[in-house]
4 protein chains.
Amino acid sequence: MSTPIFGAGLWNFASYVDRYATDGYAEPVSTLEQIRIAGSVGDLSYVDLNFPYSHDATLDEIKEALAAADLKAIGITPDIYLRRFGRGAFTNPDPAIRVQAIDLMHKAAEDVRALGAKYVKLWPGQDGWDYPFQVHHGDIWKLAKDGLKELASAHPDLKFVIEYKPREPRVKMLWDSAARSILGIKEIGLDNVGVLLDFGHALYGGESPADAAQLLIDHDLLWGMDVNDNLRGWDDDLMVGTVHITEVFEFFYTLKINNWEGVWQLDQFPFREDTVETARTSIRFLKAINRALDELDYENLRLAQTRQDAIAAQRIVQDALLSCMRSES
Amino acid sequence: MSTPIFGAGLWNFASYVDRYATDGYAEPVSTLEQIRIAGSVGDLSYVDLNFPYSHDATLDEIKEALAAADLKAIGITPDIYLRRFGRGAFTNPDPAIRVQAIDLMHKAAEDVRALGAKYVKLWPGQDGWDYPFQVHHGDIWKLAKDGLKELASAHPDLKFVIEYKPREPRVKMLWDSAARSILGIKEIGLDNVGVLLDFGHALYGGESPADAAQLLIDHDLLWGMDVNDNLRGWDDDLMVGTVHITEVFEFFYTLKINNWEGVWQLDQFPFREDTVETARTSIRFLKAINRALDELDYENLRLAQTRQDAIAAQRIVQDALLSCMRSES
Amino acid sequence: MSTPIFGAGLWNFASYVDRYATDGYAEPVSTLEQIRIAGSVGDLSYVDLNFPYSHDATLDEIKEALAAADLKAIGITPDIYLRRFGRGAFTNPDPAIRVQAIDLMHKAAEDVRALGAKYVKLWPGQDGWDYPFQVHHGDIWKLAKDGLKELASAHPDLKFVIEYKPREPRVKMLWDSAARSILGIKEIGLDNVGVLLDFGHALYGGESPADAAQLLIDHDLLWGMDVNDNLRGWDDDLMVGTVHITEVFEFFYTLKINNWEGVWQLDQFPFREDTVETARTSIRFLKAINRALDELDYENLRLAQTRQDAIAAQRIVQDALLSCMRSES
Amino acid sequence: MSTPIFGAGLWNFASYVDRYATDGYAEPVSTLEQIRIAGSVGDLSYVDLNFPYSHDATLDEIKEALAAADLKAIGITPDIYLRRFGRGAFTNPDPAIRVQAIDLMHKAAEDVRALGAKYVKLWPGQDGWDYPFQVHHGDIWKLAKDGLKELASAHPDLKFVIEYKPREPRVKMLWDSAARSILGIKEIGLDNVGVLLDFGHALYGGESPADAAQLLIDHDLLWGMDVNDNLRGWDDDLMVGTVHITEVFEFFYTLKINNWEGVWQLDQFPFREDTVETARTSIRFLKAINRALDELDYENLRLAQTRQDAIAAQRIVQDALLSCMRSES
């Protein structure tokens with residue numbers, strides 16, 4: 001049994017605010033402190049860093065902190081969703097703001113290079129609209145693609161991954177599904193742009209995360225992923241495995257049969273819980289899923305799927321899944 | 001470890017039609033044949049019968065068939081949603097149809113008495129509306145309550161259970177949630193009207209099924225239940241345990257800590273699957289859930305809940321739940 | 001034609017933050033400044049004030065500001081959802097925090113009295129849960145009711161209104177629907193607790209807002225309301241009338257036929273828009289709705305509803321609704 | 001002001017069955033009778049015909065009936081969702097059934113040619129899955145594309161349109177969104193396969209129908225459309241304009257600014273209403289929308305959209321939309 005390599009967005013170890021608890025659910029946590037906390041989880045090898053780093057931390061300080069915590073950077077996520085970009089980053093109606101957004105992403109790209117990380121992660125959460133008739137749909141989609149093309153063209157040695165999401169903070173986001181992301185990337189026509197699939201985004205967007213993963217893999221575009229859970233209506237960013245166990249298992253099964261090699265990352269927002277213990281509880285669950293993958297009867301499952309036989313498939317799956325915690329011992 | 005007593009709606013063993021496959025997914029199955037098939041599942045003790053019985057089967061034939069299949073009737077569900085009642089049963093705008101609907105329910109009540117079943121189950125699926133402005137909301141809700149009151153008053157020796165559901169076949173149903181059902185029953189003011197909670201209806205209606213069960217229990221109104229699964233957006237009536245394992249477990253946990261004694265019933269619509277094997281697969285899962293209930297660390301779970309400690313609660317739950325299939329041996 | 005009296009939550013004129021734009025979409029706006037801005041809208045008579053007031057504004061300063069802006073206080077909404085109460089107010093697992101929450105609400109009640117406002121508005125947004133198994137559903141619901149009973153009992157001369165909402169910021173809120181709210185209020189058994197219905201909360205909770213209003217009116221519990229809009233999946237708090245025109249109309253129609261007299265309040269979160277212009281645009285729409293109410297053919301609509309005739313009802317409604325902007329001149 | 005050309009699926013004039021009202025909401029209506037009824041609506045120029053025709057009607061009889069009703073065939077929709085294809089048409093696990101499905105579609109194609117209709121419409125409603133783990137997602141998507149490629153390749157002189165839909169009757173359908181449909185069509189690589197956009201499918205699938213239309217237009221793939229309405233949670237197939245007036249308007253606005261020329265088709269399932277009157281009520285609304293399109297201030301709307309100014313855009317839109325019924329006179 002191979003052990004997965006685990007990672008997490010550094011924001012898993014931050015504190016959080018929302019539109020009601022405007023004073024934040026806890027005291028702010030600096031980037032360097034977040035790295036230290038991530039290191040204390042015990043099973044993490046990689047982190048994804050928000051950029052810029054808080055408190056003017058320098059790249060050297062970041063490197064040091066990562067080394068001290070025995071962590072590597074998998075990627076950097078530029079903060080293209082703060083106030084300045086509240087009405088959009090790539091698609092801001094103000095061309096000057098679009099320039100600022102791309103400048104910030106250029107800087108993030110430089111640090112990806114300097115850290116030897118795998119990618120610049122782009123989550124253009126403010127690129128979209130809130131009201132019917134607010135935008136010309138063709139124009140705004142063109143802005144989204146043109147900006148990304150300009151950015152990625154400037155760094156042919158680096159990879160860029162889009163993390164799609166149906167909505168929030170905008171009422172509707174442009175990069176909203178696996179299919180639309182693939183389509184947009186094809187229209188851009190660069191080979192250094194791919195996708196990071198967030199399990200929860202797929203789930204509450206009405207996709208089957210496993211199907212979305214397969215579609216992306218078939219287009220050679222699944223370059224990263226993270227997991228969490230929700231109630232299918234919103235991006236709750238709960239601990240993985242607390243609600244949709246079977247679909248998490250199907251997602252990892254799909255990765256495995258495609259020999260997808262990559263980091264199993266967490267993307268959770270523990271507003272009210274201990275950030276280290278939520279990460280540990282999720283990893284404990286993911287290790288159980290990994291054992292279930294080892295015990296699964298692949299041959300008969302594959303045969304059942306060829307027949308599209310839901311009964312046989314579910315029995316095989318339940319045998320492995322509903323035993324995976326016990327087999328720990 | 002006590003073994004649950006299992007039951008199923010007889011429609012679990014029918015064939016199905018929908019608005020597209022208008023020729024039905026399989027040949028029609030008669031009531032008597034459905035009983036025979038239910039008996040072949042092997043773990044069922046009770047069935048809920050649609051009324052009237054197909055092919056003019058007599059009550060004596062039904063009794064015989066039940067005896068031959070080693071089954072008892074838990075209840076009878078009058079067909080108050082067929083063409084005649086397409087625009088409503090209790091709430092049909094035509095008073096003559098309302099009379100016909102109640103007449104049919106009177107007849108069903110007589111058979112409940114004759115069979116020694118536990119209740120008349122009312123699922124007024126056509127009582128509601130499709131369009132904004134179609135109804136006066138106060139008037140139609142009054143019709144719904146008045147009709148039920150008239151019916152239940154006439155049979156003080158019998159129990160009546162309302163099975164609430166958010167929608168389908170009407171775009172919106174009147175008896176749509178646990179809270180609304182309790183409220184309506186209180187307004188009616190009779191003590192022989194209660195609720196049958198369908199796990200899937202609660203789930204796709206945005207309730208926590210466990211919370212809905214607790215609320216009903218606290219009002220002494222949880223008189224029946226059935227389980228199945230769905231994707232939270234529609235009443236898919238899938239095999240129980242195929243999607244929302246944790247919430248099924250929480251539902252049965254809630255019943256157990258309240259010492260709720262009753263039949264674990266199935267309400268599935270296996271459009272494209274073998275009806276006996278879907279029932280067996282669901283019961284196999286429910287037996288595993290029952291084992292998990294036996295192995296659960298109640299004391300620490302209760303302590304965690306007192307602290308509202310999601311991390312501790314989930315670890316305790318996963319320990320039991322993700323081992324329940326293995327512990328079979 | 002009577003003109004409605006308009007009001008707005010003072011937060012309509014604040015600035016906003018969310019979990020991504022953690023630096024806020026604009027600079028903070030003080031309570032006193034919010035009052036001044038509300039006054040500049042031009043059609044508002046009432047505001048609902050968050051409590052405590054920012055920057056230690058005194059009650060006298062608030063009174064002065066209201067007078068200067070020609071506004072009255074309709075109610076006060078204590079901030080029982082900030083960090084301190086992030087794990088619950090009435091239902092916080094820590095009894096000491098529950099005491100603090102009720103203390104804060106007592107203080108808000110005193111100011112309601114001092115301002116001659118109509119009610120204390122309670123929106124217990126943190127009272128609920130995030131994960132399956134996190135809480136004992138009976139215990140937490142009891143905490144919610146007991147706390148409210150303690151509070152309202154202490155102020156028999158004042159009114160308290162619960163604003164229910166399905167979720168957010170908790171994954172699930174306890175006071176989540178009209179029916180559940182009525183039920184809880186009946187269990188509490190006090191006659192100074194009622195409900196404020198938020199149109200958007202009803203809509204995305206799967207209710208018909210018109211039906212929810214009628215149910216509350218029939219229980220004499222509709223003591224306040226506010227309007228906005230959303231895409232039925234989340235509490236987007238958009239400008240009213242930008243998406244669900246017909247259902248807004250049905251909501252106000254229901255109020256009118258019940259002779260409900262009260263303030264038409266706005267509850268909008270214009271994250272990225274000018275706060276005064278969003279209020280003005282909404283009020284412009286509401287005035288058009290009011291004209292449509294004047295032109296509606298009530299008699300034939302009522303007849304159509306008696307027949308549950310969606311076609312006739314919709315034609316009558318469209319005649320009034322789709323002419324209401326033109327009739328302005 | 002140009003008048004739109006109206007059309008309707010012939011099923012708008014059928015009778016309906018669902019899984020509860022298994023005896024149907026009304027007596028069956030033959031194909032020839034449906035054509036006659038469609039003709040009686042008065043404003044329809046085109047119909048889309050289900051295939052095969054009921055009661056063994058011959059093509060000549062169909063032609064005659066169309067001529068008598070002053071109707072033309074816009075397309076033919078083969079019944080690839082009846083019992084035989086209940087487990088899939090293009091993606092049925094049984095290769096023999098796949099052959100049967102394609103054979104049926106070949107026959108439909110011949111009649112499209114014979115009738116001079118615009119396209120074969122494919123709605124593969126049974127191509128998908130119901131349960132997690134039921135299918136290998138890559139394999140089934142390949143079957144879907146391969147079958148369509150085989151079919152369309154055989155008729156290079158004809159057009160084929162896919163009508164995508166998120167779900168129903170399958171819990172999940174393969175062709176589920178505009179983006180996925182475009183992607184699949186590009187993978188197939190034929191230039192005689194396009195898309196028919198159903199407004200309601202886009203809406204309840206979480207798309208903006210206007211955005212989906214623009215995306216399809218930008219790929220030269222919007223070859224047909226139909227409209228209806230729903231509550232965003234299911235394909236309710238209500239009369240158009242009864243719920244989501246603004247988004248219908250935005251959809252037609254998008255078609256207009258792109259100079260999209262085509263038939264405005266209805267796709268409604270009036271289970272409980274008169275089929276002719278529902279069509280007439282919808283067309284009455286669509287004519288009002290057409291007037292609103294004539295009165296819209298395009299220039300200022302375009303400027304507002306360039307600024308992504310929701311307030312200005314909504315005011316302009318409301319001015320036209322909320323006057324369109326009055327301007328009839």
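Predicted, not measured: the structure shown is a model, and the values here were computed from it. (Residues numbered from 1 in each chain as written. Chains lettered and ligands numbered in written order. Predicted model: local features only at pLDDT ≥ 70, side-chain atom pairs only at ≥ 80, totals over all residues. Heavy atoms only, no water.)

1. A few points about the overall build of chain A
Our working definition: Secondary structure elements are taken from DSSP: a helix is a run of H or I of four residues or more, a strand is a run of E of two residues or more, and numbering for both begins at the N terminus. For the radius of gyration, the atom set is restricted to C-alpha positions; the globular benchmark scales as 2.2 Å times the number of residues to the power 0.38. The contact criterion used throughout is that any non-hydrogen atoms of two residues lie within 4.5 Å. Surface accessibility in these figures is a Shrake-Rupley result with a 1.4 Å probe; residues are shielded only by whichever protein chains are displayed. By the counting rule applied here, Lys and Arg register as positive and Asp and Glu as negative, while His and the ends of each chain are not counted. Note that the charge is assigned to NZ on lysines, CZ on arginines, CG on aspartates and CD on glutamates.
When helices and strands are tallied, chain A shows eleven helices and ten strands. What you see for chain A is a C-alpha radius of gyration of 20 Å, in line with the 20 Å of a compact globule of 329 residues. Along the three orthogonal principal directions, the C-alpha set of chain A runs to about 60 × 45 × 40 Å. Long-range pairs, those at least 24 residues apart, make up 78% of the contacts in chain A with a sequence separation of at least 6. Total accessible area on chain A is roughly 10,100 Å²; 48% of this is exposed by carbon and sulfur atoms. Side-chain charges of chain A comprise 33 positive and 51 negative groups, with the mean position of each set lying 3 Å from the other.

2. Comments concerning the relation of the copies chain D and chain B
Rules: Least-squares fitting of one copy onto the other uses the C-alpha atoms of those residues that reach a pLDDT of at least 70 in both copies.
Its rotation angle being 180°, the transformation that places chain D on chain B also includes 0.0 Å of axial translation and leaves an RMSD of 0.0 Å. Here the transformation between the copies is reduced to the relation of a two-fold axis. Considering only C-alpha atoms, the residue of chain D closest to the rotation axis is D:Asp18, which sits at 2.2 Å. By residue overlap, the copies meet face to face through one surface: 100% of the interface positions of chain D are interface positions in chain B.

3. Focus: helix H7 (residues 209-218) of chain A
The following threshold applies: We call a residue buried when its accessible area falls under 20% of the maximum for its residue type, exposed when it is over 50%, and partly exposed in between, using a 1.4 Å probe and counting protein chains only.
For H7(A), the tally of buried residues reaches nine of ten residues, placing the bulk of the element in the interior. Taken together, the buried positions of H7(A) are occupied by A:Pro209, A:Ala210, A:Asp211, A:Ala212, A:Ala213, A:Gln214, A:Leu215, A:Leu216 and A:Ile217.

4. Notes on the interface of chain D and chain A
Selection criterion: We define a salt bridge as a contact between a side-chain nitrogen of Lys or Arg and a carboxyl oxygen of Asp or Glu at a distance within 4 Å. Distance and chemistry together define a polar contact, namely a pair of N or O atoms within 3.5 Å, with one atom able to donate a hydrogen and the other to accept it when in protein, and with adjacent residues in sequence counting only for side-chain atoms on both sides. Residues are grouped as follows: Ala, Val, Leu, Ile, Met, Phe, Trp, Tyr, Cys and Pro are nonpolar; Asp, Glu, Lys and Arg are charged; all remaining types, including Gly, are polar.
Of the residues lining the interface, 50 residues belong to chain D; the matching set on chain A comes to 50 residues. Viewed at the interface, chain A and chain D are joined by four salt bridges. A:Asp211 is the salt-bridge partner of D:Arg180, the closest N and O atoms lying 2.9 Å from each other. Our count for the contact surface shared by chain D and chain A stands at 24 residue pairs in polar contact (both at pLDDT 80 or more). Counting only elements with at least two residues in the side of chain D that touches chain A, the list comes to helix H4 (137-153), helix H5 (178-188), helix H7 (209-218), helix H8 (245-257), helix H10 (298-306) and helix H11 (310-321) of chain D. Per-class residue counts for the side of chain D that touches chain A are 21 nonpolar, 15 polar and 14 charged.

5. A short note on the nonpolar core
Test applied: Throughout, nonpolar core names a set of buried Ala, Val, Leu, Ile, Met, Phe, Trp, Tyr and Cys residues whose side chains join them through atoms within 4.5 Å.
One finds A:Phe252, B:Phe252, C:Phe252 and D:Phe252 to be the most contacted residues of the largest nonpolar core, which totals 472 residues. Leaving out residues up to four positions away in the same chain, A:Phe252 has contacts with A:Met225, A:Val227, A:Trp264, A:Leu286, A:Ile289 and A:Leu293.

6. A few points about the sheet that holds strand S3 (residues 72-78) of chain C
Residues and elements named next belong to chain C. Stated formally: At least two DSSP bridges between two strands are needed for those strands to be called paired. For helices, the axis comes from a line fit to the C-alpha atoms of the stretch in contact; other axes are also lines fit to C-alpha atoms, and the angle between any two N-to-C directions lies between 0 and 180 degrees.
The strand order S1-S2-S3-S4-S6-S8-S9-S10 describes a closed barrel built from eight strands, whose pairing is parallel. The mean angle between the axes of side-by-side strands here comes to 30°, regardless of whether they run parallel or antiparallel. With two bridges connecting them, S3 and strand S4 (residues 119-122) associate as parallel partners. Looking across to S4, one finds that Gly-75 is bridged to Tyr-119. Strands strand S8 (193-198) and strand S9 (222-227) of the sheet are contacted by helix H7 (residues 209-218), whose axis makes an angle of about 165° with S8.

7. A few points about the relation of the copies chain D and chain A
The transform that puts chain D on chain A rotates by 180° and translates by 0.0 Å along the axis, for an RMSD of 0.0 Å. A share of 100% of the interface residues of chain D reappears at the interface of chain A, consistent with the copies meeting face to face through the same patch.

8. Let's talk about the packing of aromatic side chains
We count it as follows: Two aromatic rings, drawn from Phe, Tyr or Trp (for Trp, its six-membered ring), form a pair once their centres lie within 6.5 Å of each other, and the interplanar angle then sorts them: stacked below 30 degrees, edge-to-face above 60, tilted otherwise.
Applying the stated criterion to the full structure yields 74 aromatic pairs over all chains. Plain terms: the ring middles of B:Tyr25 and B:Phe271 are 5.4 Å apart, the flat faces sit at 70° to each other, and that makes the pair edge-to-face. Here B:Tyr25 is found in the loop between strand S1 (6-9) and helix H1 (31-41), whereas its partner B:Phe271 is found in the loop between strand S10 (264-266) and helix H9 (275-295), with 246 residues between them in sequence. Judged on exposure class, the residue B:Tyr25 and its partner B:Phe271 are both buried. Note on C:Tyr204 and C:Trp234: the rings are 6.3 Å apart at their centroids and 55° apart in plane angle, and the pair reads as tilted. On the criterion of sequence distance, the pair formed by C:Tyr204 in helix H6 (residues 199-204) and C:Trp234 in the loop between S9 and helix H8 (245-257) is long-range, its members being 30 residues apart. Owing to a relative accessible area of 7%, C:Trp234 belongs among the buried residues under this scheme. By way of ring pairs, the aromatic residues A:Tyr16, A:Tyr25, A:Tyr81, A:Trp123, A:Phe269, A:Phe271 and C:Tyr20 are connected into one cluster.

9. Re the domain arrangement of chain A
Residue and element names in this part refer to chain A. Put simply, the rule reads: Marked domain ranges trace back to an automatic or database domain assignment. Note: buried area is the sum, over both parts, of the accessible area (probe 1.4 Å) each one loses when the two are combined.
Along its sequence, chain A is organised into domain 1 (6-295) and domain 2 (297-329). The distance between the C-alpha centroids of domain 1 and domain 2 comes to 31 Å. Counting residues at the interface gives 13 residues for domain 1, matched by 13 residues for domain 2. Between domain 1 and domain 2, a total of about 1,200 Å² is buried, with carbon and sulfur atoms accounting for 65% of that surface. At the boundary of domain 1 with domain 2, the tally comes to zero salt bridges. At the boundary of domain 1 with domain 2, the tally comes to two residue pairs in polar contact (both at pLDDT 80 or more). Elements with a contribution of two residues or more to the side of domain 1 that touches domain 2: helix H8 (245-257) and helix H9 (275-295). With seven residues, H9 is the single largest residue contributor to the side of domain 1 that touches domain 2. Of the residues contributing to the side of domain 1 that touches domain 2, the split by class is eight nonpolar, one polar and four charged.

10. Comments concerning the interface of chain D and chain B
Interface size, as often reported, equals the accessible area lost upon joining of the parts. Listed as interface residues are 42 residues of chain D and, on the opposing side, 42 residues of chain B. Together, the buried faces of chain D and chain B total about 4,000 Å²; carbon and sulfur atoms form 54% of this surface. Of all residues in chain D, the largest losses of buried area upon contact with chain B belong to D:Arg19, D:Tyr20 and D:Arg83, amounting jointly to 23% of the total for that side. For the pair chain D and chain B, the interface holds twelve salt bridges. The shortest N-O distance in the salt bridge between B:Arg19 and D:Glu168 comes to 2.8 Å. The interface formed by chain D and chain B holds 28 residue pairs in polar contact (both at pLDDT 80 or more) in total. Of the residues in the side of chain D that touches chain B, the class split is 19 nonpolar, seven polar and 16 charged.

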